[in-house]
Amino acid sequence: MAKKKGAGIIVFKVALWYCTILGIFAAYTNWLPQIRGDAPEAAVAIDVSAVTPEMLQEMGEKIIYGSHDPLGVLARGEGPIGKGQCPLCHRFFMEQKADRCPNMIALKTEPQKLLQVSEEARSHERVKEPRYEEAKKRLADGEKDSGIVPHAETGGQYLIESEYCPNCFVVEGFGLKGTNDTVSPMPIINKPPIQLVDTEIVAVVSYLQMRDDPSKWTAKDDWEAYFGEELGANEEDAAPAEEKPAGPPVALGSESPEEIVTKMTCYACHKIPGISVAKTGAIGPLLIEGTNSANRLKSPEYQAAVKAGKAHATTPREYVIESIMDPGAFIVPGFADDMMKDFKHKFTVSGLDVLVDYLLAQDEAAALADGMDRLPNEKEGPIKKPEAKVDTGEAVAKNKSMSDDKQTVKVSSSGVIESSTFIGLN
Amino acid sequence: MSMFKKKTLLTQVLVLILVAPVLAWAGGGGGPFSAGTFSFIKVGLVIFAIFSAWLIKDKMGIPLPKLIQAPLLWVLCYINFRVILQPPIPFSLLAMYMGVCTVAIFLYCSITASSWEEFSHPIAVMLREDHGTAKMSRYATFLIVPGLIAFQTYNQMLPKFGEPIELRTVHPAPPASINVHKKLVTLQTAENPFRIGDDGNYLKVGDESQYFGGNSWTGDVPKFLQQVREGGVVFFGTAGCFYCHGDNLDGKGPFSFAFNPIPANFADPGTISQLQETFVFWRVAKGGPDLSREAFPWASAMPPWEKHLTTNEIWKVIIFEYWHTGFFPRTWG
Amino acid sequence: MLNLNGEKKKKIGAWLLLSMIGMLVLLPFTPAVVMAAEEKAAEAAAEGDAEPEKAKDVFYKGPGEFGIVSGPPAKEMVYPDDYGSYGDFQSRTIIWIANQQHLYFGSFVLAVPMFVWVMELIGILQYGKDRKAGKKFDDLAHEMMKISLTAYSVTAILGGILIFSFLALYPGFFRYLSGIFRPVMHIYALLFILESGVLYVYYYGWDAMNDGDGDWKWSHLALGTMLNAVGIVLMVMANTWVSFMMSPAGVDAQGRFLGDIWKVMHNPLMVPIVIHRILGNAAFGGGVVAAYAAFKFLAAKNIEEKGHYDWMSYIAMFMGILALIPLPFAGYWLMREIYAYRQQMGITLMGGLLAWVFIMQATMIATLFITVNYYLFQAMGRMPGSERYHRYFKYMLAILVVSTIAWLTPHTLVMTPAELKAMGGAQHPVVGNYGVMSAKNTAINTMITTTCVCFIIYQRCNFNVKVPWAWKGNLFLFFLVFGAEANIVFLGIYGYFIPANVRIGLSVPQVASTLTVLFIGVWMNVKMLKGAESVGEIRWGRMSVRGAYALFMLAVAFTWTMAVMGYLRSSVRLHWHVNEILRDNSPWAFTNPLGYAGNINSFNVLLFWTMLLFVFWLSALAGKGKEKVAAEAAAEAAGSAVPAGSH
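Calculation notes
- Residues numbered from 1 in each chain as written.
- Chains lettered and ligands numbered in written order.
- Predicted model: local features only at pLDDT ≥ 70, side-chain atom pairs only at ≥ 80, totals over all residues.
- Heavy atoms only, no water.
- Phe/Tyr/Trp six-rings, centres within 6.5 Å; stacked < 30°, edge-to-face > 60°.
- Buried < 20%, exposed > 50% of the residue type's maximum accessible area, 1.4 Å probe, protein only.
- Lys NZ or Arg CZ within 6 Å of the ring centre and 35° of its normal.
- Contact = heavy atoms within 4.5 Å.
- Salt bridge = Lys/Arg side-chain N within 4 Å of Asp/Glu carboxyl O.
- Polar contact = N/O pair within 3.5 Å; in protein donor to acceptor, adjacent residues only side chain to side chain.
- Helix = DSSP H or I, 4+ residues; strand = E, 2+ residues; numbered from the N terminus.
- Nonpolar A, V, L, I, M, F, W, Y, C, P; charged D, E, K, R; others polar.
- Axes fitted to C-alpha atoms, helices over the stretch in contact; angles between N-to-C directions.
- Parallel < 35°, antiparallel > 145°, perpendicular 65-115°, else oblique.
- Left-handed = near helix turned anticlockwise from the far one by under 90°.
- Expected span 1.5 Å × (residues − 1).
- Arc of directions from axis to C-beta.
- Disulfide = S-S within 2.5 Å.
- pLDDT = per-residue confidence, 0-100.

Novice: Give a detailed account of the packing of aromatic side chains, specifying residues and quantitative values.
Specialist: By convention here, two paired aromatic rings are described through the distance between centres and the angle between planes. Throughout the structure, instances matching the rule amount to 66 aromatic pairs over all chains. Look at Phe235 of chain B and Phe236 of chain B: their rings are 5.0 Å apart centre to centre, the planes differ by 70 degrees, and that puts the pair in the edge-to-face class. The class for Phe235 of chain B is buried, based on a relative accessible area of 0%. The exposure class of Phe236 of chain B is partly exposed, given its relative accessible area of 35%. Positioned above the aromatic ring of Phe590 of chain C, the side-chain terminus of Arg92 of chain C is 5.2 Å from the ring centre. Over the aromatic face of Phe297 of chain C sits the side chain of Lys306 of chain C, whose NZ or CZ is 4.8 Å from the ring centroid.

Novice: Mind laying out the interface of chain B and chain C, listing which residues take part and the relevant values?
Specialist: Reports of interface size often rely on the accessible area that becomes lost once the parts have come together. On the chain C side, the residues contacting the 61 residues of chain B number 57 residues. At the surface where chain B touches chain C, the tally comes to zero salt bridges. Linking chain B with chain C are five residue pairs in polar contact (both at pLDDT 80 or more). Elements supplying a minimum of two residues to the side of chain B that touches chain C: α2 (35-59), α4 (91-109), α5 (113-128) and α9 (277-286) of chain B. Tallying contributions element by element places α4 of chain B first for the side of chain B that touches chain C, with ten residues. Residue classes in the side of chain B that touches chain C are distributed as 40 nonpolar, 15 polar and six charged.

Novice: Report on the packing of helix α4 (residues 91-129) of chain C against helix α7 (residues 215-246) of chain C, specifying residues and quantitative values.
Specialist: Helix-helix packing is characterised by the crossing angle of the two axes and by the distance between the axes. Residue and element names in this part refer to chain C. Viewed as axis vectors pointing N to C, α4 and α7 meet at an angle of 160 degrees, and their least axial separation amounts to 9 Å. Of the possible angle classes, the one that applies to α4 and α7 is roughly antiparallel. You can see that α4 and α7 cross each other, and the crossing is left-handed. Note on element contacts: α7 touches α4 through Lys217, Trp218, His220, Leu221, Gly224, Thr225, Leu227, Asn228, Gly231, Ile232 and Met235, opposite Leu110, Pro113, Met114, Trp117, Glu120, Leu121, Ile124 and Leu125.

Novice: Explain helix α7 (residues 223-238) of chain B to me, and be specific about the residues and the numbers.
Specialist: Residue and element names in this part refer to chain B. A rise of 1.5 Å per residue sets the reference length of α7, with its 16 residues, at 22 Å; its end C-alpha atoms lie 21 Å apart and thus fit the reference within 8%. Among the residues of α7, Phe224, Leu225, Gln227, Val228, Gly231, Gly232, Val234 and Phe235 are the ones counted as buried. Across the axial projection of α7, the buried residues extend over an arc of 165 degrees, all falling on one side. In this structure, the buried side of α7 is in contact with α8 (242-245) and α10 (311-325). Positive phi shows up at Gly240, right after α7, with a value of about 70 degrees.

Novice: Lay out the state of the cysteines with the relevant residues and their values.
Specialist: Each disulfide is one covalent bond, formed between the sulfur atoms of two cysteines. Residues and elements named next belong to chain A. Under the defined criterion, the tally for this structure stands at one disulfide over all chains. Here Cys165 pairs with Cys168 through a disulfide, and the sulfurs are 2.0 Å apart. Since a negative S-S torsion denotes a left-handed disulfide, the Cys165-Cys168 link at about 95 degrees is right-handed. For Cys165, a relative accessible area of 1% translates into the label buried. According to the relative accessible area criterion, Cys168 is buried, its value standing at 0%. Cys266 takes part in no disulfide bond, and the closest cysteine sulfur to it belongs to Cys269, at a distance of 8.8 Å. Assessed through its relative accessible area of 14%, Cys266 is described here as buried.

Novice: Describe the pattern of salt bridges, and please don't skip the residues or the numbers.
Specialist: Throughout the structure, instances matching the rule amount to 15 salt bridges over all chains. Between Arg317 of chain A and Asp357 of chain A there is a salt bridge, and its shortest N-O distance comes to 2.7 Å. You can see Arg317 of chain A sitting in helix α12 (residues 316-325) and its partner Asp357 of chain A sitting in helix α13 (residues 349-361), a full 40 residues away along the chain. You can call Arg317 of chain A buried: its relative accessible area is 11%. Since its relative accessible area comes to 35%, Asp357 of chain A is described here as partly exposed. Arg195 of chain B is paired through a salt bridge with Glu277 of chain B; the nearest N and O atoms lie 3.1 Å apart. Here Arg195 of chain B is found in the loop between β2 (183-186) and α7, whereas its partner Glu277 of chain B is found in helix α9, with 82 residues between them in sequence. An identical accessibility class is assigned to Arg195 of chain B and Glu277 of chain B; each is buried.

Novice: Outline the packing of α5 of chain B against helix α6 (residues 132-157) of chain B, supporting the account with residue identities and numerical values.
Specialist: All names here are of chain B. It is at 7 Å that the axes of α5 and α6 come closest, and there the two elements cross at 90 degrees. Between α5 and α6, the crossing angle belongs to the class labelled roughly perpendicular. Here α5 contributes Val125, Met126, Leu127 and Arg128 to the contact with α6, which in turn contributes Ala134, Ser137, Arg138, Thr141 and Phe142. Residues that form the contact of α5 with α6 fall into these classes: five nonpolar, two polar and two charged.

Novice: So what about unusual backbone geometry? Which residues, and what values?
Specialist: Glycine aside, negative phi is the norm for most residues, and most peptide bonds take the trans geometry. At Leu249 of chain B, a residue that is not glycine, the phi angle is positive and equals roughly 60 degrees. Looking at the secondary structure, you find Leu249 of chain B in the loop between α8 and α9. For Leu249 of chain B, a relative accessible area of 0% translates into the label buried. Here the phi dihedral of Leu574 of chain C falls at roughly 55 degrees; this positive angle occurs in a residue that is not glycine. On the accessibility criterion, Leu574 of chain C (28% relative accessible area) is partly exposed.

Novice: Mind laying out helix α11 (residues 327-341) of chain C, listing which residues take part and the relevant values?
Specialist: Taking 1.5 Å as the rise per residue, α11 of chain C with 15 residues should run 21 Å; its terminal C-alpha atoms sit 21 Å apart, in good agreement. Every buried residue of α11 of chain C is accounted for by Leu327, Pro328, Phe329, Ala330, Gly331, Leu334, Met335, Ile338, Tyr339 and Tyr341 of chain C.

Novice: Account for the side chain of Ser256 of chain B, naming residues and giving values.
Specialist: Residue and element names in this part refer to chain B. Within the secondary structure layout, Ser256 lies in the loop between α8 and α9. A relative accessible area of 9% means that Ser256 is categorised as buried. There is a polar contact of 2.8 Å between the side chain of Ser256 and the backbone oxygen of Gly253. Ignoring any residue separated from it by four or fewer positions in sequence, one finds Ser256 in contact with Tyr243, Cys244, Gly251, Ile262 and Pro263.

Novice: Go over the confidence of the model for chain C, please, and point to the residues and values.
Specialist: Residue and element names in this part refer to chain C. The predicted model of chain C has a mean per-residue pLDDT of 83, with 89% of residues at 70 or higher. In this model residues 634-647 is a low-confidence stretch, pLDDT under 50, and it forms 19 contacts with partners more than four residues away in sequence or in other chains. Overall fold confidence (pTM) sits at 0.65, and the ipTM for the predicted complex is 0.83.

Novice: Which residues make up the environment of Leu140 of chain C, and what are the values?
Specialist: Relative to the assigned elements, Leu140 of chain C resides in helix α5 (residues 131-169). Each C-alpha atom, one on Leu140 of chain C and one on Tyr309 of chain C, is 9.6 Å from the other, the two residues being 169 residues apart in sequence.

What follows is the structure, given as C-alpha cells:
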C-alpha cells in the first residue's frame, strides 16, 4: 500500500487472484465424486415415415438377438435371444445350435460356404415352389389360426406372410410330425406370447434381407403391398409396450403352470396336456411325467447315466427337477440334447415346485383327454396301444407311492451326492 | 518468568500428552464413554487448550510467533481429525476438513494488520534480506519445498493396489411409480394401508408415537400394534430380514459381516427416518436389481422381495421397522 | 435544470410525469387485453360448431383439472431433425454458456437499479439533514447506474445470442415452448422496450431532475420504482418459462396447452424460484458493484479516491449481504416445494445424482460467510478504536470454522471399502451426525448470527458508549446473542429426536432467533450509540489490501454459486426438456458430471468478468472528462463523516 503501483500491475494481480479462485473451485468440483447421469433408453417410438432401412435393420437385430453383438453373446456361452425369440428354433450362426426350423445362416458368417444361398435369395425361390401353389389352393378360405389367405408374390412378401401365418407355407421337412408339412411349429408372431407389432415384424424382415446385401431391402414396400395399407397406420392403438424388467424372465411361485410354460417357452418343443399354448411342440417328448418319470428312472439308459455319474435322481420328482435344471444329465432316447441349459437361472424354488407338481400330475389319461399323443420317436410308443395302458396304471400307482416321500432327501444310487444339491438354485 | 510459572506450563503439557491417548481410546468405542459423552469431553479439551494457550501467552508472557503458531495449529487439527476422532474418518473427509483448517489458519494469521505483519514479516525477511541467516533459510526453503512437491508427485505416481473407491449413492432417486404384483404403485402419493388407528382410519404420520414401546404380543392390542406384530413376523420369520439387518434393526445381523457394503442400519437417523414410506416400499419390493442408473455400481445384495412377499406383507414389515426403531417416515404434507 | 419556475408549476410537472408513468405501466398489457377479447370471440365462435375437447391438467387438481385443448401435443423429438449441432461439440454446453452469460448480465441490470433506488432514497432523505451526505449517496447511485446502462445493452445482445442459439440448436424444443408462451413472449418483448425507455429517461434525466429533495427528485425516484417494477416483471416472465420446464402445469399429459396461460405461468415451482432469484440477484449485484469498487480502490491514485471507493465497496457489500442473509431460507422453502412437487426430484437433488453439487454449494455458502466476516475484520482497520476488539476475532473465526466443518460434512461419504469397514458402517458415529439437516440448519444459523455480531462490533468499534444504561444494554446484547445461539443449538440437537416432518418446522424458530439477533441487536446497538463519544473518525481508504481481495473473492463466490445452482436447477430435469412431457432425445440428454460443470462454470465466470471489465472500462471512458470533477467530489465526500448507523 505504501508504494504506488501502475494500473496494469493491479489488473494483472486481480486477474491472477480471480483465476486462482476459479481454478480452485473447478479443481474442487473435479476432486469431488463424478457421477454422470445417463438418460434411460427412450421407449421405442418410431416414426414410420422417417425411418431408414438401416434403423429397421438395427431394430430387427435387437428383436432377434436382444443384443447388437450376438456372436459375443454366443462366445460367452449364452443364447442370443431377444424378444422375438427366433434363435430358439432358427439357426443364425454356425456356432449356434438350433435346427428345429429352417436355418437362416448368413453367407458371410459361414466360412465353409456349405450353404450357398441366403435367406433373402431363398425366399424368392419359395414363392415359386409348386408346394406354395398347393398351399394357396388348400388355404383359399383362409388359414384357420391367423385368418390369412396366402398370397405372397415376392420373396419379401413371403417372409412377412410367414410371420403372420406360419402355416401358410411350411418348408419341407419342418412341419409338425404327422401333418405332412402342413402345420408349422412356429407361433404366430404378431399374437401372444411373442406379439411383435407390424413395424417390428418389418424390422425383422429387413434384418433378414439386408444381412448379406443391404441393397436387397424391400421389407416396407413388401409389407404395404401385402396388406394393401400403409405401414404404421394402425399402430396408434397399440399401447406402448410396458417397460420390460431388466434381465431374463423368471418363473415365480405366484404364477400358474400355464404362465410358467408360456414364459419359459416350453411349448416351443413340448406338448403338455392342459396347457393351451403347448399343443404342437414336436421337438421334445410329451410331458406326462406322472407316467414317464417313473418309467424313465427304471430304464437301463437312465441307470447307465447314473453309473456314468451324470444323473442322480431317485424319485420321479427328482427326475423332473433334474431334467429341467440339468437337461444334459439324461437324454430321453430318440431325442437330441437340444434343451436350453439356462433354466437353472430362471426359476425360483417355488416357481419350480409349481411346474414340477403340475407335470407330475399329468399322465397318459390326461394326454388322451387333450387329444395328444407321444411323438413317433419316443421309445414308449403311442399311448393308444392297449399294452401301454397297463403300464399307465402301474406307473400311476407307483407315482402315488413315491410322491408321498418327495420331501425326504435320499442318497442317490451313486451314494455320494444328495439329491437336492444338483438343483442349481441361484 | 518465575520458576513456578514454568513448572505450571510443563505440568499442563504433560497432562495433555498423558490424557489425549486415553481419551482417544475412550472415543474408539471400547471405552466407557458413548460417542456423545466423548464429544463433550472433546469440547472440554478444546476449551482447555484455549485456556492454556491464553495462560501461556497472556499470563505467562511467552509469545509464540504467528509463523510458529500456524503450523502448530495445523498439526493439532490434523491430530484431532486423524487420531482423536474415532472411528477413523475416510481420507476424502479428512482432506476436506484439513482444507478448511488450512484456509482458516491462514485467515487467522492475516486477521488484523498486526498479526499479518507478524506472520508475513519473517517470510519477507527470508525472501528479501541479504544477511547470512536469511540466505540460509532461503536456500533451505527453496530446497525443501520443491523436494516435498517432488516426493508428493512420486507418491502419487506409485502404482496403488488398494481397492478402488466405490461411490455409492445411498439414496438414489426412486422412479415415479413401480409395478408390484401387477398393481401400479405411485410413489408420490401411495400410502401404507396398514397405518391404521384405533378407529380403523388412516393414522397420520407422527400419531403412531402413542404406540411406541407398546407390547404388540399380548392378546388384545390396538389395530396398529396388530399390524406391527404381523410385520414382525415377516421380519423375523417369512422374509428373515434379521439375518442381515439384525435383531435390533441396526444392520448387524449374523450375515451382515459378509456383505460389502454392509446392510442398512435402520436405527441410524440417516436411513429410514429420512425417507418416505413409499421409498422404503420401493427398496423392499424391488431390491438391488431395480436400482436406478445413478446408484451405480448397484452394490446392493437386497433381494427383490416382491417375488417372495405379498404387497401387504411388505407394507406391514415397513410399519414394523418404523415402530421398532421409533422413527417416523418422512412426509411433506 | 428544467426551466420551470415556481413551486406550483414544478408540482404540476411532477404529477404529470407520474401519471404518464402510470399509463406507461399499463401499456404492455393492451395487447393482452386485445388478445383476450379475440380469444373470447374465437371461443364463442367455436362453441357453436362443436363440443371442445377437454383434457386433464398434469398438475392442477379440483375444479380446474380439465381444460379445453388449445394446442398441439408435444412432438416426440427426433435427434438429427429437431436438433442442430456444431460438429461433435455439445450443443447443450453452447446453450448453457449463452444462457448463463445472459443471466449474469440480466441479473446485474436487474439488481443495480434496486441498489440505485435505495441509494437514491437514502440520498433524498439525507438531503434535508445534511446536503453533503445526501449528495454523496446520490452520486454513488448515479455512478452505479452508469455501469448498469452499458451492461444493459450487453444484456440485450446476449439475449439475442441466446435466442439464435436456441433456434439453431434446439429448434424443435423452442417451437414447442414458444407455441405455449406465444402471447407472453410478445408482452415480454414489449415490456423490454418499456424498460429501455424508462431506463434512458431515468439515467439521462438524472441531473435534469435533480432538485435535492423536491418533487422532481421524487418523480425521478418514482421512475426508478417503475424501472424496478418492470425489471422484476420481466424476470418473473422469463422465469415462468424455466419453471415450466421443471414443473409443467396448464398442459395435459401429451403436452397440449389447455387454454389458460396463467395456469402455465403459475406452475408449482414458479413462486419459490422467483423469490429465490430476486434475492440472489440482489446479492449478486451487490457483489459485482463491491468488486468494481474494490478494483477502483486498488487502482486509486490518492487517498481521497481510495476513500470514496472504500466507502462504495462497503455500501455495495452491505446491500449484498442484506440480500444474502434471507437467501438460505428462501432456498429451504424452494427445496420443500420441490419435494412436495416430486419426491423423486427432491431425492435426485439432495440424496441422489446431484447430491455432491450441494456439497459444492455448501462450500460456496461457507466461503461467502467467512469472506464477509473476514472483510469486516479487515474493514475495522479503518476504524480507530477497533483494536479493543481484535482479541475476539479469533474466537469468532473459530466458531465460523467449526460451523463450516459441520456445514460441509456430506451425508454420503466417499470412501474405499477398507475405510468403510474401519468405520463400521456408511455413517460415522460422530461426524455422521453433521450430515443431517438438523446440524446444517444449526451451522448456517450460527454462521449468520456470528456475522451479525461481527457487524455489531463493526458499528460500535470507534465509539465509546456514553448512554447511562450502557451496562444494561451490553448485558442485554450479551444475553440476546447467547440466548439466540443457545436456542439454535438446542433446537438443532432436539431435531435428532423428532420426526423429519416436524424437524423441518424447527428451522422456523432457528431462523427467528437469527433474525432477532440481526434486527433487535442492531437496533439496540444503534440506540446505545446515541450520543456516544467518538474515538476517531472513520478513516475511509485505510482498509487493508486483503479486504479488497476479500471483496473479489466475495464477488467470484456469488457468481460461481449462481452458476453451480443454475447447473443444478437445470440438471434436475434429467433427460427432459419439459419435465415428463417433452423428452430430450439428443445425444446430450445425459447429465454432465460435476467436474465438467465446474469447468464450464469457471469458464463462464471468467468470461463474465472479462466482459464486465470491458463494461467498466467503457463507463470509465465515458466519464474520463468528468474524472477530475468526480475526484474533487470524492475528496469532498471523503472529508465528510458518515455515521456508521446510517447504512
